[in-house]
Structure formats: C-alpha cells, structure tokens
Amino acid sequence: MSAAGTPTRPDVPAAAGRDPGDGRRTRPAGLRRRWLVAGFAAIGVAALAGIAFGPVSLPPGGVAIELLNLVPGVHLHSGLNEREIAIVTELRLPRVVLGLLVGGMLALAGGCYQGVFRNPLADPHLLGVAAGAGLAVTAVIVVRGVTGADVTVGLPVTVPLAAFVGALGAVLLTYLLGAAGGRDRSPATLILAGVAVSAFLAAGQTYLLQRNAESIQEVYSWMLGRLATAGWHDVLVVLPYAVLTAAVVLVHRRELDVLALGDDEASSLGLHPQRSRLLLVAAASLGTAAAVSVSGLIGFVGVIVPHVVRMLAGASYRAILPLSVLFGGAFLTLTDLAARTVAAPAEIPIGVVTALLGGPFFAIVLRTTRRVAE
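Residues numbered from 1 in each chain as written. Predicted model: local features only at pLDDT ≥ 70, side-chain atom pairs only at ≥ 80, totals over all residues. Heavy atoms only, no water.

Let's shift gears to the overall build of the protein. Helix and strand counts for the protein come out as 15 helices and zero strands. Sequence-distant contacts, at least 24 apart, represent 73% of the contacts inside the protein between residues at least 6 apart. Carbon and sulfur atoms make up 65% of the accessible area of the protein, which totals about 17,400 Å². (Helix = DSSP H or I, 4+ residues; strand = E, 2+ residues; numbered from the N terminus. Contact = heavy atoms within 4.5 Å. Areas by Shrake-Rupley, 256 points an atom, 1.4 Å probe, with all protein chains shown as cover.)

Structure below.
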C-alpha cells in the first residue's frame, strides 16, 4: 500500500519489482545489444562455414562475395566457376537456410516450453512432441504411399498439418499425465510423463511400420534426422510456419516472465495464465511440427541452446527466446556441417550428432536441477 493509500504491485516479472532493501526496484536483465550482435555474428559464421566447407571445399572469401551477389544491384567477381557457384546457390545455401530455420524453431520451442511449464528440462523431444509429430507423419506417409525424396515434396500441406496435430496431442497428453498426481509438476514428473507418452507413440509408429514394411527405409531415414534437401522447396514449406511461430512466441515472451511468478501472482497482474499457456504451447508446437516435418526427429536442441543462453545472457525470457532463435540456428547449422564432414564421404544422421552432444549435457542439467531442488 502506497503512502497515498493506493495499492502497488510488481510491474515486471520474476525478480522484477522486488525491493532489495534500499528502496530501489530491480528489473530483470533484458535483451542486451552485445548478445544480439553476438547472435547475428554466430549466424553469419555458421552460414559461411556451412556453405564453404564440405566434400568440395570452397574459399570462404569467394563464397562470401558470391552471397553478396545475391543482393539486387550487387555484381562482384567471386573467383568461383559456374560449377562452384551452382554448389553455393543451389545445393548448400538452401540446406544452410533450412538448418537455420529448423534449429531456430527447435530452440525457440524448447525455451518456450521451459517457460510455460516452469521446468528447465522441458524440450520438444523430451516432452513427446517430436514423437507425436513423428507418428502423425509416419501415418501420412504410410496412408498416402509416399516414398523417398517425395516425403515432403508430394505433401507440402498435409505433412506439416499432420505433424502439428500429432505434436499438440502429444504435449497435451504429457501435460495431463504429469498433472495427474496433483498440481506439483516437478521436473522429474514431467520428464517421466514425456517418456511414457513417447514410448506409447513410438509403439504406435512401430506397429504402422511393421504393417507397411515397404515404407520402413524412408521413414527411418526421416526419423534419424537430416537436412538433405533437393533445393528451396523444404525451405518454402517450413518458412511460413517458422515466421508465424516466431511472431507469436516473441510478441508474448514477456508473459513467460510473468508466469514464472505463479498463477495467482500472474492473475493479479492482469494476465490470464491458462489462455497464455494455451497460445504459447500451440505456437511452439506448430514450430516444432513444421521443423520435424522437413528434418525428421532432431533431439536436444531445445535443451542445449536455451540453457546456454540462460547462463550467458540471464534468466529473462525477453532475452532467452530471441537469442535462442539465433544461436539455435547457428548450432544446428554447425552440427549439420560436422555430420556431413566428420565421416566424409559418408554422412552421419544429424539426429545422431545432436544426441551425442545432448546426452551428456542433459545429464549435467538434470544433476544441477536436482541439487537446486534439494
């Protein structure tokens, strides 16, 4: 209660609005310019490396000049021949752009789920969202009989839509199962619920594959994760969903800081907690579904990237979410580069690489979370 008799309340979430004892109000650290610059720099470095290096290595300087030539009105001599220019513009650039979109969406979805569920271990893969999308896409492939490179080319609308329905259904099942024992949704409870839902959905997927053996090779190739693309088609498929997801989540990112205070406090600040959760979960699931539909099941990006961003840039979702988009895209692009160069001329499925990186990281996060809880 103020001196004038009017009630006061925190005007910003999390640590915001708390009096440190000397009469000053604190605000959570927002998005600082240096981290935004670092994020765009990471995008630039990852994109240049992803385009320049591979089975056929190209000079980075020439690649950079050739990329500048894509800007209307710019005509510079890059020193690349026609074959090398075709490699840059028709093969590697679409793959790099797809990696930036998929990585950004998965990282954004992971950060969004962590804020919605107030759980540092929430992730599209661990919550069963990827498994739900995978089951739905497998069902579409089996029913329509689409094989090989035509998995997404032949179904430009049906695949993302089916993946969205499966992803949203999976996250709702996980949330309801995690809340079945009461209102306390601890990290362990939610993760166990996600494991149970994923196992159930994986069983359904296995059944479909067993009954349709002719689709096994195509589905498993898709499930292991890949960014291989025949051109700009996959980019155009995922781009509208990525833009819509990013717009909705980033516009409402401040609400995640408010939700961190708890439902009662959020309601007192004028926020409708359930409505905000529903909107954010739907948007994050749409982004995950679109990413999964073109790249397959790529796990742990939504755990690794938001946690690293949180450690570097602070705990406010005003900073975590936009930086997760940037660093998530850079991370997956560099991971894809490693996947296609480490065992060259063979290519390792990118989902295998992210699992090798994410497994130990997840164990560290889980151990740290348990220590904090104790």
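Attention now moves to the environment of Thr174. You can see Thr174 is positioned in helix H6 (residues 158–178). Looking at Thr174, the relative accessible area reads 1%, which means it is buried. Each C-alpha atom, one on Thr174 and one on Leu190, is 7.1 Å from the other, the two residues being 16 residues apart in sequence. Contacts of Thr174, omitting those with residues within four sequence positions, involve Leu127, Leu190, Ala193, Gly194 and Val197. (Buried < 20%, exposed > 50% of the residue type's maximum accessible area, 1.4 Å probe, protein only.)

Glancing now at a nonpolar patch on the surface. The grouping of Trp232, Leu236, Leu239 and Val243 at the surface amounts to a nonpolar patch, some 380 Å² of accessible area in total. Take Leu239: it is sitting in helix H9 (residues 233–251). (Patch = residues over 30% accessible without salt bridge, like charges linked within 9 Å, V, L, I, M, F, W, Y side chains within 5 Å. Salt bridge = Lys/Arg side-chain N within 4 Å of Asp/Glu carboxyl O.)

Here we take up the packing of helix H3 (residues 82–116) against H9. Two elements in contact, H3 and H9, have axes whose closest approach is 10 Å; the angle formed by their N-to-C orientations is 30 degrees. Judged by the angle between their axes, H3 and H9 are roughly parallel. Crossing geometry of H3 relative to H9 is assigned as left-handed. Of the residues in H9, those touching H3 at Pro94, Val97, Leu98, Leu101, Met105, Leu108 and Cys112 are Asp234, Val235, Val238, Leu239, Ala242, Thr245, Ala246, Val249 and Leu250. Within the contact of H3 with H9, the residues separate by chemical class into 14 nonpolar, one polar and one charged. (Axes fitted to C-alpha atoms, helices over the stretch in contact; angles between N-to-C directions. Parallel < 35°, antiparallel > 145°, perpendicular 65-115°, else oblique. Left-handed = near helix turned anticlockwise from the far one by under 90°. Nonpolar A, V, L, I, M, F, W, Y, C, P; charged D, E, K, R; others polar.)

Looking now at the packing of aromatic side chains. As enumerated under the stated definition, the model contains one aromatic pair in all. Taking the centre distance of 6.2 Å and the plane angle of 25 degrees together, the rings of Tyr113 and Phe117 count as stacked. Assigned by exposure class, Tyr113 and Phe117 land together as buried. (Phe/Tyr/Trp six-rings, centres within 6.5 Å; stacked < 30°, edge-to-face > 60°.)

Glancing now at the pattern of salt bridges. Applying the stated criterion across every chain, the model contains four salt bridges. We note a salt bridge from Arg95 to Glu347, for which the minimum N-O separation is 2.6 Å. Pair noted here: Arg95 is in helix H3 and Glu347 is in the loop between helix H14 (317–341) and helix H15 (350–373), with a separation of 252 residues, a long-range link. Classification of Arg95 as buried rests on a relative accessible area of 12%. Glu347 sits in the partly exposed class, given a relative accessible area of 40%. The salt bridge involving Asp263 is made with Arg277; its shortest N-O contact spans 2.7 Å. Placement of the pair is Asp263 in helix H11 (residues 263–268) and Arg277 in helix H12 (residues 273–295), with a sequence separation of 14 residues.

Bringing the nonpolar core into the picture now. Grouped together as the largest cluster of nonpolar side chains are 91 residues, with contacts concentrated most on Val102, Tyr113, Phe117 and Val301. If one sorts the elements of this core by residue count, H3 sits on top with 16 residues. Not counting the four nearest positions on each side in its chain, Val301 is found in contact with Gly103, Leu106, Ala107, Asp123, Pro306, Phe331, Leu332 and Thr354. (Core = buried A, V, L, I, M, F, W, Y, C linked by side-chain atoms within 4.5 Å.)

Attention shifts here to unusual backbone geometry. The phi torsion at Arg118 lies on the positive side, around 50 degrees, for a residue other than glycine. Looking at where Arg118 falls in the secondary structure, it is placed in the loop between H3 and helix H4 (129–144).

A word on H12. In this model H12 runs 32 Å from its N-terminal to its C-terminal C-alpha over 23 residues, within 8% of the 33 Å that 1.5 Å per residue would give. Summarising burial for H12: 18 of the 23 residues are buried, a large majority. Immediately beyond the C-terminal end of H12, within one or two residues, lies Gly296, with a positive phi of roughly 85 degrees. (Expected span 1.5 Å × (residues − 1).)

Moving on: the environment of Leu98. Looking at where Leu98 falls in the secondary structure, it is placed in helix H3. Leu98 sits in the buried class, given a relative accessible area of 0%.

With that settled, consider the packing of H3 against H14. The angle between the axes and the distance between the axes are what describe a pair of packed helices. Remark: H3 packs on H14, axes separated minimally by 7 Å, with the N-to-C direction vectors making an angle of 135 degrees. One finds that H3 runs oblique with respect to H14. Relative to H14, H3 is oriented so that their crossing is right-handed. Taken together, the residues that form the contact of H3 with H14 break down as eleven nonpolar, ten polar and four charged.

Among the structural elements, Glu84 can be located in helix H3. Of the buried charged residues, Glu84 lacks a salt bridge, with Arg83 as the closest side chain of opposite charge at 5.5 Å. Residue contacts for Glu84: discarding those within four places in its chain leaves Leu58 and Gly79. (Lys, Arg positive; Asp, Glu negative; His and termini not counted.)

Now for the confidence of the model for the protein. Predicted confidence across the protein gives a mean pLDDT of 81, with 84% of residues reaching 70 or more. The low-confidence segment residues 1–27 (pLDDT under 50) makes 39 contacts with residues lying over four places distant or belonging to another chain. Considering only residues more than four positions removed or in separate chains, one finds that residues 147–156, a stretch of pLDDT under 50, has 18 contacts. (pLDDT = per-residue confidence, 0-100.)

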